[in-house]
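So the chains spell out like this:
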Amino acid sequence: MPQVLVPTVCPYCAAGCGFFIAVEKERALGIEYMPEHPASEGSLCSKGNAALEILYHPDRLRTPLKRHGDGWARITWEEALDLTARGLGGPLKKYGPNSIGFFASSKCTNEENYLIEKLARVLGSKNVDGCARLCHAPSVVGLNRTLGAAGMTNPIKDLANSKCIFVIGSNLAENHPILSRWIHRAKDSGAVVIVADPRMTHTAWMADVFLQLKPGTDVALLNGLIHVIIKEGLIDREYVAKWTRGYEELAESVRDYTPEKVAEITGILAGDIVRAARSYAISPASVILYSMGITQHTTGTDNVQAIANLALICGHLGREGTGVMPLRGQNNVQGACDMGALADFYPGYRKADDPETIEYFRAAWGVDSVPLGRGLTATEMIDKAGTGEIKAIYIVGEDPANSDPCSQNVRAALDNLEFLVVQDIFMTATAQLADVVLPAAAWAEKEGTYTSTERRVQWSAKAIEPPGSARCDLDIICEIAKRLGAQFNYPDAASVLAEINRVVPQYGGITRPRLDDFGLIWPCPNLNHPGTPILHTQGFKFSEGRATIVPVSYKPAAEDSSWDYPFILTTGRVAVHHNAGSMTRRSPSLLEREPNLFVEINPFDALRLKVADGDEVTVTTPRGETVAYARITERLKKGVAFMPFHFPGTNILTSEVRDPEAMIPEFKVSACKITRRD
Ligand code: SF4
């Protein structure tokens, strides 16, 4: 049988790089690059290059399992699906639809996420959410409120047109490596790069101006930049007058954020704050990129709104080389949000508490009713599992027992459920707690669409068969839905996409036949529409086309260092791992390069603690302790420590305190102490 090249989308980050899987005799043999791809241009980072390693890993789940004493029993699909339907249907009947919850998956296709959302809603449950709750929920709230749309405003390759690139709270050189190629291209054309981060990351090495701020002081920094820009008369007056409302209130609110005062709060030199403000404001085209360093705070929504304010007063929106770019993490977290995997939205960002939304979906789905009102977020579902108010949860492709803060509490809460079903490709820490485990196909073993961080919807084709009796998520969801009385007759992903085309206006023209040439960027409302790479070219969707400037004040993080816990622990990613690590820790070439959990400490702190590079240390927070190897580095200021969150120990330590609106936990700031293990 000759070798065939199957087009696919990288299963890791949301840059959405495309490549071909070379398939021969039904085996995925290797990768062929895709030089014409608009975002990756034939390149892949270390994770993309290693993507096939997980497909044939011996840990892959091959058959449905049910809990049997302390172990597992293999069961047939019939038994597994019946058990699942009973496990969800029992509480549904006995306690009502809001006693059950659903976790959608940013690793799954749009079609699968749409079906999970639809299943929850047609069963009457409001409780459907996803891992965006842990990464970009503040972007959804903050950008919808200010700009009227929650996606990246400009496409990735437009970075090359920018003359000033401001990266805040994102180590994109390691997390979205392919994006940094476009920044280097802009730099080669003379662009200025500003990076704000508590840690001197690989991204910071690209910076002309590096702002090393204390964790959790982003609003103070952003307000300080706005203060300087207003004081020096650098705002775009014409743009502000034509396209915004709320400027006067903002000007009043930042009056006290002088560079000197902001320097005291953030630890950045006042002169650097002025330099950064001038560079961003006076460049003809400036862009802001941010990621979880901005969102994973109790002030995550405020941080996002402050970013939008900065872009709006300088008029750096709606043109090439400008924009606000929230860099999404997992490969389909943007699409999962688009499909309604958020407790407060139905598909297409229709608000769950709007009666018109309910009428729209009741009619679109041909059902008597769907629930009105915001449901429980993923983090709240865990809380309510712990208190016994949520009785059963269906988790698809997520691992909250590793990825949520204070993971020991998460495990106890999930253990408290009457029924937990987990559908995944590996036996994750969350799957270990389940009553039933359903083996799912990996991305290369199924087909469907993924929406990258630039809102690009791409079709990924099926290359190989899943291992053992594993099945694609779409089939499994439909089988469970049918057993629970829902009419889910979808033979394939294309049939679901056809329904999405009808129901989600932003995806109206994104049909299967139009997706062969690297996809389309939403909004794309009809078949003749070419897609919309740049948002807000003609103003905003609010009345008179004006965006809303929302003044925000600096509030300290929930935790600060103290006598007992003298360090601020912040968390993030490294180049060769991804998210909770369930895939990259099973990828031999990646694990070899970063096999262990480590904690970075400044040399002065290390001296005081009598810790040498490579020593084992215990890191302790008020929630628990974990062991890691010390890595001594000047990348951090004194009193700050850093740990990657790809290993199970890190989230034992992190804080459960949440942003009050977006309900995202403050992963980025935990008070901790570090002691050497003798
Ligand atoms: Fe995959 Fe992201 Fe790397 Fe591209 S940058 S190859 S999408 S992990």
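Given the structure is predicted, the values throughout are model-derived calculations rather than measurements. (Residues numbered from 1 in each chain as written. Predicted model: local features only at pLDDT ≥ 70, side-chain atom pairs only at ≥ 80, totals over all residues. Heavy atoms only, no water.)

Student: Can you walk me through the sheet that holds strand S20 (residues 456-460) in this structure?
Tutor: By definition, the strands of a sheet pair up through backbone hydrogen bonds, in either a parallel or an antiparallel sense. Within the open sheet, the three strands sit side by side as S19-S20-S21. Their pairing is antiparallel. Edge positions in the open sheet fall to strand S19 (448-451) and strand S21 (520-521), since each of these has one partner strand only. With two bridges joining them, S20 and S21 adopt antiparallel strand pairing. Paired with Val-457 across the bridge in S21 is Leu-520. (Pairing = 2+ DSSP bridges. Helix = DSSP H or I, 4+ residues; strand = E, 2+ residues; numbered from the N terminus.)

Student: Would you take a moment to explain helix H13 (residues 300-314) for this structure?
Tutor: Residues that lie three or four places apart on an α-helix share one face, since the helix turns once every 3.6 residues. Helix length check: H13 (15 residues) gives 22 Å between terminal C-alpha atoms against 21 Å at 1.5 Å per residue, within 8%. Within H13, 15 of the 15 residues are buried, leaving the element largely enclosed by the surrounding structure. In the segment just after H13, Gly-315 is the residue with positive phi, at about 65 degrees. (Expected span 1.5 Å × (residues − 1). Buried < 20%, exposed > 50% of the residue type's maximum accessible area, 1.4 Å probe, protein only.)

Student: What's the story with the pattern of salt bridges in this structure? I'm lost.
Tutor: Working definition: two side chains of opposite charge can pair if their charged atoms are close together. Applying the stated criterion across every chain yields a total of 37 salt bridges. The salt bridge partner of Arg-245 is Glu-544, with a shortest N-O separation of 3.5 Å. With Arg-245 in strand S11 (residues 244-245) and Glu-544 in the loop between S21 and strand S22 (547-548), this residue pair connects regions lying 299 residues apart in the sequence. On the basis of relative accessible area, Arg-245 is assigned to the partly exposed category, the value being 30%. Owing to a relative accessible area of 61%, Glu-544 belongs among the exposed residues under this scheme. Here Arg-608 ties to Asp-605 by a salt bridge, and the two come within 3.3 Å at their closest N and O atoms. Separated by three residues within a single helix, Arg-608 and Asp-605 lie in helix H22 (residues 603-609), roughly one turn from each other. By relative accessible area, which is 53% here, Arg-608 ends up exposed. (Salt bridge = Lys/Arg side-chain N within 4 Å of Asp/Glu carboxyl O.)

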